[in-house]
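What follows is the residue order along each chain.
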Amino acid sequence: YDAVGVLNRVWTLGSGLDMLAILENPKLPQYAKQALLSVLIKRGPEDAVKARLLAWLLNALKAPVINIRYLSIQVLAWYPLDVKLEALLNLLVKEPASETINAAHLQILKGLSGNPMPLIVAYESHPDRAALTEHLVLILTSARWDETHIFDVFCRLDVEPISLLDNHPEAFFA
């Protein structure tokens, strides 16, 4: 752990590929990966590693260690919603930890930038849509949406394949 702490202090501009290689090492203990991820939350990934790190982070959302999933979500804040939304929804289907769920909700909410339609479209096509309904309602009711989107949102929620009013009326009215 001390060695990772030292690596974090020497993680400088241009060392991203080396640090990513360390993070990708399957023999690296989980607590060491957590320490490396904590640095990335604050400073963000270098352009040279951004794409490769994205693939690692999206895969890390399936990790058995809660802290790896949670920290990976935090690092994903440096990426646009369109590259992470599907993975975040897949995480929400199975995630037991409320802190991780809240972090995913926040990432989605911030990424929507006032337009809920990307979430509605992703929910509409998600194979585990029923398991995401509560999350959809929580995210949609967590913000004030521009009135230009409200009609489209309600229409999409009320028709097939979602039919929220028919399938989950309590969620539709919420």
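Note: the structure precedes this text.
Residues numbered from 1 in each chain as written. Predicted model: local features only at pLDDT ≥ 70, side-chain atom pairs only at ≥ 80, totals over all residues. Heavy atoms only, no water.

A. Geometry of the overall build of the protein chain. When helices and strands are counted, the protein chain shows 12 helices and zero strands. Taken from the N to the C terminus, the helices and strands of the protein chain come in the order α-α-α-α-α-α-α-α-α-α-α-α. Across its three principal axes, the protein chain shows a C-alpha extent of roughly 55 × 30 × 20 Å. By the burial criterion, 45% of the 174 residues in the protein chain qualify as buried. Considering only contacts in the protein chain between residues 6 or more positions apart, those separated by 24 or more positions represent 64%. Summed over its atoms, the accessible surface of the protein chain is roughly 9500 Å², and 57% of this surface lies on carbon and sulfur atoms. Both charge centroids of the protein chain, one from 15 positive and one from 19 negative side chains, sit 11 Å from each other. (Helix = DSSP H or I, 4+ residues; strand = E, 2+ residues; numbered from the N terminus. Buried < 20%, exposed > 50% of the residue type's maximum accessible area, 1.4 Å probe, protein only. Contact = heavy atoms within 4.5 Å. Areas by Shrake-Rupley, 256 points an atom, 1.4 Å probe, with all protein chains shown as cover. Lys, Arg positive; Asp, Glu negative; His and termini not counted. Charge placed at Lys NZ, Arg CZ, Asp CG, Glu CD.)

B. Examining the pattern of salt bridges more closely. Taken as a whole and judged by the stated rule, the model has three salt bridges. A salt bridge links Glu-24 to Arg-52; the shortest N-O distance between them is 2.6 Å. Residue Glu-24 is found in helix H2 (residues 16–24), and its partner Arg-52 is found in helix H4 (residues 50–60); the two are separated by 28 residues along the sequence. Among the salt bridges present, the one from Glu-124 reaches Arg-156, with a minimum N-O distance of 2.7 Å. A residue pair is termed long-range when its members are at least 10 positions apart, and Glu-124 in helix H8 (residues 117–125) and Arg-156 in helix H10 (residues 147–158) qualify at 32 residues. Residue Glu-124 is classed as buried on the basis of its relative accessible area of 16%. (Salt bridge = Lys/Arg side-chain N within 4 Å of Asp/Glu carboxyl O.)

C. Representation of unusual backbone geometry. With omega at 10°, the peptide bond leading from Glu-160 into Pro-161 counts as cis. In this structure, Pro-161 sits in the loop between H10 and helix H11 (164–167).

D. Local environment of H8. Looking at H8, one finds that the buried residues are Met-117, Leu-119, Ile-120, Ala-122, Tyr-123 and Glu-124. On its buried face, H8 is in contact with helix H6 (85–94), helix H7 (98–112), helix H9 (129–140), H10 and H11.

E. Inspection of the packing of aromatic side chains at higher detail. Within the structure shown, the criterion is met by zero aromatic pairs. Lys-50 extends its terminal NZ or CZ atom over the ring of Tyr-79, reaching a point 5.5 Å from the ring centre. (Phe/Tyr/Trp six-rings, centres within 6.5 Å; stacked < 30°, edge-to-face > 60°. Lys NZ or Arg CZ within 6 Å of the ring centre and 35° of its normal.)

F. Main features of the nonpolar core. Leu-37, Ile-108, Leu-119 and Leu-157 are the most contacted members of the largest nonpolar core, which has 51 residues in total. At six residues, the largest contribution of residues to this core is made by H6. Non-local contacts of Leu-119, meaning those with residues more than four positions away in its chain, are made with Leu-85, Leu-89, Ile-108, Leu-112, Leu-136, Ile-139 and Leu-140. (Core = buried A, V, L, I, M, F, W, Y, C linked by side-chain atoms within 4.5 Å.)

G. Structural detail: the packing of helix H3 (residues 30–43) against helix H5 (residues 66–75). Across the interface, H3 lies against H5 with an axial gap of 9 Å and an inter-helix angle of 20°. Looking at the two axes, H3 sits roughly parallel to H5. Between H3 and H5 lies a crossing whose hand is left-handed. Here H3 contributes Gln-30, Lys-33, Gln-34, Leu-37, Leu-40 and Ile-41 to the contact with H5, which in turn contributes Asn-67, Ile-68, Leu-71, Ser-72, Gln-74 and Val-75. Along the lines of polarity and charge, the residues of the contact of H3 with H5 split into six nonpolar, five polar and one charged. (Axes fitted to C-alpha atoms, helices over the stretch in contact; angles between N-to-C directions. Parallel < 35°, antiparallel > 145°, perpendicular 65-115°, else oblique. Left-handed = near helix turned anticlockwise from the far one by under 90°. Nonpolar A, V, L, I, M, F, W, Y, C, P; charged D, E, K, R; others polar.)

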